[in-house]
Structures are given as structure tokens and as C-alpha cells.
Amino acid sequence: EALNRWFTASAHLGRPVVTLKLAATLDGRVAAADGTSQWITGPDARRDVHRQRAQAGAVVVGTGTALADDPRLTVRLPEGEQVDRQPLRVVVGTRQLPAPARVLDDAAETLLLATHDPAEVLAALRERGVHHVWLEGGPTLGAAFLRAGLVDRLVTYLAPALLGAGAPLVAELGIGTVEEALRWHLEDVARLGDDVRLTLTPTDPNPTEGDA
């Protein structure tokens, strides 16, 4: 099981394992009030993101992130050189991407899914043989997967910065009181330059599918 971590977990779940990647300031902002978000974290954390991406079968974002940041979503070495094996790039949503968008280049395969349903996204990726999804979508897509109970792991990068305003780490979760908070178990803490990476799993070891 250790050697085939994602395959084994995916087989148990009947769907790909989902790791939600988050990056924020100390006050939980993923972008400033003017919408700028590059770069919140430092170079060590960004290198670690590429290492983590390389372990996934697919990297998933929403059309909002694709339009705002124009990401490549490829795995690149510190020198900027691409590696041979690239995860599938997936863009979720109904908005059209411009032809020059970098996620549509020939550096890796890209799948466009015109849906907002996390379960449909995972079903489509399972059909393609994907066992581990690295979810890099913004606050809206991340919240959708959290509300659906379809996040198995959080990898959160915290930068030593304060913005005071701007986009929050996740969007509305439908939680009205502290008692309803989604609680997570801290598995690992790592320092990456001046940033900190937290790796977390749900506190309930056997969550009910679809029950956030």
C-alpha cells in the first residue's frame, strides 16, 4: 500500500483521491483587493508545489483561476526546464478560455470540463485512469469540493504576510456556527524558506461520501 499509495486509496474510494492545495497570507487572503495574487509565497514553496504536482495524475483548476492567473499548470524544474512526464491539466467551468491561454499550449494534455459538479469531474478523471487529483482551483472551486465532502487531504502554504482585504482562502461553505466547522488533523509541518507548509487530513477517518 505504501508503494502504491494513490492507486490503493483510489481503489478504496471508488474515485480519485483529492488533494486540495491552498496558499494564503497569515490573514487567510489568496489575493489582494486589486486581484493580484502572484506571488504570495516564496520560491521555496513554489518549488515544493511543482514537486507535489509531479505526484498527481491530474492538476485541476476552475476557469476563474485560468482566466485570472493564466497558469501553465505544468511540472517544471527549478531552472525552468520541464520534466518529461506531465500530469493531465484540467479546467472546470463553462467560461471560454482565450486561444493564447498557456494552459492550452502543447506542453501537456488539457481537458476542458464544462461542469461545476465536483462528482462529475472526478467521474470523468476516473474514466481516464487518474488516481490522484491535485486541486489548485481558487476559493470557489475549492469550496465546491469541500461542500461535497470530496477533499481527502489539504496541503496549505502560509506566507508571512498580511493583506487585510482581498479574496478569502475558501468561498462560502454553508457553515453558520463554530460547531459546524470542518475540522482537520495535522499530519505534517514543514518550513520552506519563510513560508510554512501544513499537510492535513479530515478528523473523521471514515467520512460519509458527499457529507461535508
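Below is a short write-up of the structure. Bear in mind that the values here come from a model prediction, so they are computed numbers and not experimental data.

1. Some thoughts on the sheet that holds strand S6 (residues 153-159)
Now for step 1: Read across the open sheet, the 8 strands follow the order S4-S3-S2-S5-S1-S6-S8-S7; overall the sheet is mixed. Only two strands of the sheet have a single neighbouring strand rather than two, namely strand S4 (110-113) and strand S7 (184-192). Mean inter-strand twist for the sheet, computed between neighbouring axes without regard to direction, equals 20°.
Now for step 2: Here S6 runs beside strand S8 (residues 195-202); their pairing, made up of 5 bridges, is antiparallel.

2. Points about the environment of proline 16
Now for step 1: Secondary-structure assignment places proline 16 in the loop between helix H1 (5-13) and strand S1 (17-25).
Now for step 2: Classification of proline 16 as buried rests on a relative accessible area of 0%.
Now for step 3: For the pair proline 16 and histidine 131, spaced 115 residues apart in sequence, the C-alpha separation works out to 4.3 Å.

3. Details of helix H2 (residues 43-53)
Now for step 1: Burial in H2 covers these residues: Ala45, Asp48, Val49, His50, Gln52 and Arg53.
Now for step 2: In this fold, the buried residues of H2 make contact with S1, strand S2 (58-62), strand S5 (132-135), S6, S7 and S8.

4. Examining the pattern of salt bridges
Now for step 1: Here the structure, examined in full by the defined rule, presents 10 salt bridges.
Now for step 2: Taking the shortest distance from any N to any O, the salt bridge between arginine 51 and aspartate 48 comes out at 3.0 Å. Of the two residues, arginine 51 and aspartate 48 are both situated in helix H2; the distance of 3 residues between them amounts to about one turn of the helix.
Now for step 3: Exposure remark for arginine 51: the relative accessible area of 42% places this residue in the partly exposed category.
Now for step 4: On the basis of relative accessible area, aspartate 48 is assigned to the buried category, the value being 7%.
Now for step 5: A salt bridge links glutamate 136 to arginine 53; the shortest N-O distance between them is 2.6 Å. Taken together, the positions of glutamate 136 in the loop between S5 and helix H5 (139-147) and arginine 53 in helix H2 put the pair 83 residues apart, joining distant regions of the chain. Both residues of the pair, glutamate 136 and arginine 53, belong to the buried class.
Now for step 6: Via salt bridges that share partners, Asp48, Arg51, Asp188 and Arg197 belong to a single interconnected network.

5. A closer look at the pairing of S6
Now for step 1: Buried residues dominate S6, accounting for 6 of its 7 residues.
Now for step 2: Bridge analysis of S1 against S6 gives 7 bridges, and the strand direction is parallel. Paired with threonine 25 across the strands is alanine 159, a residue of S6.

6. Focus on the packing of aromatic side chains
Ring pairs (aromatic) are described by centroid distance and by the angle formed between their planes.
Now for step 1: Applying the stated criterion across every chain, the model contains 0 aromatic pairs.
Now for step 2: Of note, arginine 46 hangs over the ring of tryptophan 39, and the distance from its end group to the ring centre comes to 4.5 Å.

7. Some words on unusual backbone geometry
Now for step 1: Phi angles above zero are rare outside glycine, and aspartate 70 is one such case at about 50°.
Now for step 2: On the accessibility criterion, aspartate 70 (29% relative accessible area) is partly exposed.
Now for step 3: Even without being a glycine, leucine 73 presents a positive backbone phi close to 60°.
Now for step 4: Within the secondary structure layout, leucine 73 lies in the loop between helix H3 (63-69) and strand S3 (88-92).
Now for step 5: For leucine 73, a relative accessible area of 2% translates into the label buried.

8. Description of helix H4 (residues 118-127)
Now for step 1: Listed in full, the buried residues belonging to H4 are Pro118, Val121, Leu122 and Leu125. Down the axis of H4, the smallest arc covering the buried residues is 90°, so these residues share one side.
Now for step 2: Residues of H4 that are buried sit in contact with S1, S2, S3, S4, S5 and H5.
Now for step 3: The N-terminus of H4 is capped by aspartate 117, whose side-chain oxygen sits 2.9 Å from the backbone nitrogen of alanine 119.

Calculation criteria
Residue positions within a chain follow its written sequence, with the count starting from 1. Residues qualify for local features only when their pLDDT is at least 70, as the model is predicted, and side-chain atom pairs are given and counted only at 80 or more; totals for whole chains, interfaces and linings, by contrast, use all residues. Side-chain metrics in this entry use all non-hydrogen atoms of the structure; hydrogen atoms and water are not considered. Note on pairing: DSSP must find at least two bridges between two strands before they are called paired. Labels follow the DSSP assignment, with helices taken as runs of H or I lasting at least four residues and strands as runs of E lasting at least two, numbered in each case from the N terminus. Geometry is summarised by axes, namely lines fitted to C-alpha atoms with helices restricted to the contacting stretch, and by angles between N-to-C directions that run from 0 to 180 degrees. To sort residues, take the accessible area from a 1.4 Å probe on protein chains only and compare it with the maximum for the residue type: under 20% means buried, over 50% means exposed, and anything in between is partly exposed. Residues count as neighbours in contact if any of their non-hydrogen atoms are within 4.5 Å of one another. Each reported salt bridge corresponds to a side-chain nitrogen of Lys or Arg within 4 Å of a carboxyl oxygen of Asp or Glu. For Phe, Tyr and Trp, rings pair up if their centres lie within 6.5 Å, where Trp contributes its six-membered ring, and each pair is then called stacked (planes under 30 degrees apart), edge-to-face (over 60) or tilted (otherwise). Here, a charge over a ring means that NZ of Lys or CZ of Arg falls within 6 Å of the ring centre while also lying within 35 degrees of the ring normal. The arc refers to the directions leading from the helix axis to the C-beta atoms. In protein, a polar contact means a hydrogen-donor-capable atom and an acceptor-capable atom, both N or O and within 3.5 Å, with residues adjacent in sequence counting only if both atoms are side-chain atoms; elsewhere, any N or O pair within 3.5 Å suffices.

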